[in-house]
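In case you want the letters, here they are:
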Amino acid sequence: LVGLFLIVLTLSSCNKGPVEGMMLLLQAPVGQLDQGSRLVVIDPVHPDKEILLTEEFGYAGSAEVSFDAKNVIFEARKTLENTWQIYEINLESLEVSQITHSETDCHDPAYLPEGRVVYSRLIQDDNATDYNVLETIQLNGSDIRQITFGPVDHRASSVLNDGRILVCSRQIHPDQGEMMLTVMR
């Protein structure tokens, strides 16, 4: 049984590409995300017409469509043993580019204005505590900038219409706090 995490977005842009007018979906076995997940686009008029976007990956998620609807940024890994990295797929050519090359997991990418991406990266502090910091990066993988510093865990970033970043944050030290929404400039 396959569950669908609907990202119901009708993909459209000025250029007619192979996914024009289709919906972007995250497919995963219900209750068994360790069994794999994938990003697909489906034609709502012909649901049997499906294009798998993440064929080379065993696990994919956290997809976001670019402002011009020409690309999708997402997190993925090939196997359970690999770290999560950030990738982008061009929706016309269906070509995938790797953006991050981190030794630790990278999650929750979101497009920022002016060609940058924000994402969470797992780190470990001097107390051997794991938490996520926010970093930004150019789409070509250059100019990585850490924009948050511990001891706070930051996840699930989203960019608001005015360019501010909405993120789930939780204090780690000295006591673990409750998860809360934070807005950053």
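The structure this text deals with has already been given above.
Residues numbered from 1 in each chain as written. Predicted model: local features only at pLDDT ≥ 70, side-chain atom pairs only at ≥ 80, totals over all residues. Heavy atoms only, no water.

I'm lost on the packing of aromatic side chains in this one. Help?
The geometry of two aromatic rings is summed up by the distance between their centres and the angle between their planes. Taken as a whole, this structure holds four aromatic pairs when the rule is applied. Following the ring pairs from residue to residue traces out a cluster consisting of F57, F74 and Y87. (Phe/Tyr/Trp six-rings, centres within 6.5 Å; stacked < 30°, edge-to-face > 60°.)

Where do I start with the sheet that holds strand β12 (residues 145–146) in this structure?
Within a sheet, neighbouring strands are paired by backbone hydrogen bonds and run either parallel or antiparallel to one another. Spatially, β9-β10-β11-β12 is the arrangement adopted by the four strands of the open sheet, whose pairing is antiparallel. Edge positions in the open sheet fall to β9 (106–112) and β12, since each of these has one partner strand only. With nine bridges joining them, strand β10 (residues 116–124) and strand β11 (residues 130–138) adopt antiparallel strand pairing. Pairing of I123 across the sheet is with Y131, part of β11. (Pairing = 2+ DSSP bridges. Helix = DSSP H or I, 4+ residues; strand = E, 2+ residues; numbered from the N terminus.)

Honestly, unusual backbone geometry in this entry has me stumped. Any pointers?
The phi angle of most residues is negative, glycine excepted, and most peptide bonds adopt the trans form. One non-glycine residue, D108, lies in positive phi territory at about 55 degrees. Mapped onto the elements, D108 comes out in strand β9. Located in the positive-phi region is D143, a residue other than glycine, with phi close to 55 degrees. Looking at where D143 falls in the secondary structure, it is placed in the loop between β11 and β12.

Would you mind going over the pattern of salt bridges with me for this structure?
Where charged atoms from two side chains of opposite charge come close, those side chains can pair. Applying the stated criterion across every chain, the model contains eight salt bridges. The residue R116 makes a salt bridge to D143 at a minimum N-O spacing of 3.1 Å. Here R116 is found in strand β10, whereas its partner D143 is found in the loop between β11 and β12, with 27 residues between them in sequence. Salt bridges sharing common partners tie together R116, D143 and R145. (Salt bridge = Lys/Arg side-chain N within 4 Å of Asp/Glu carboxyl O.)

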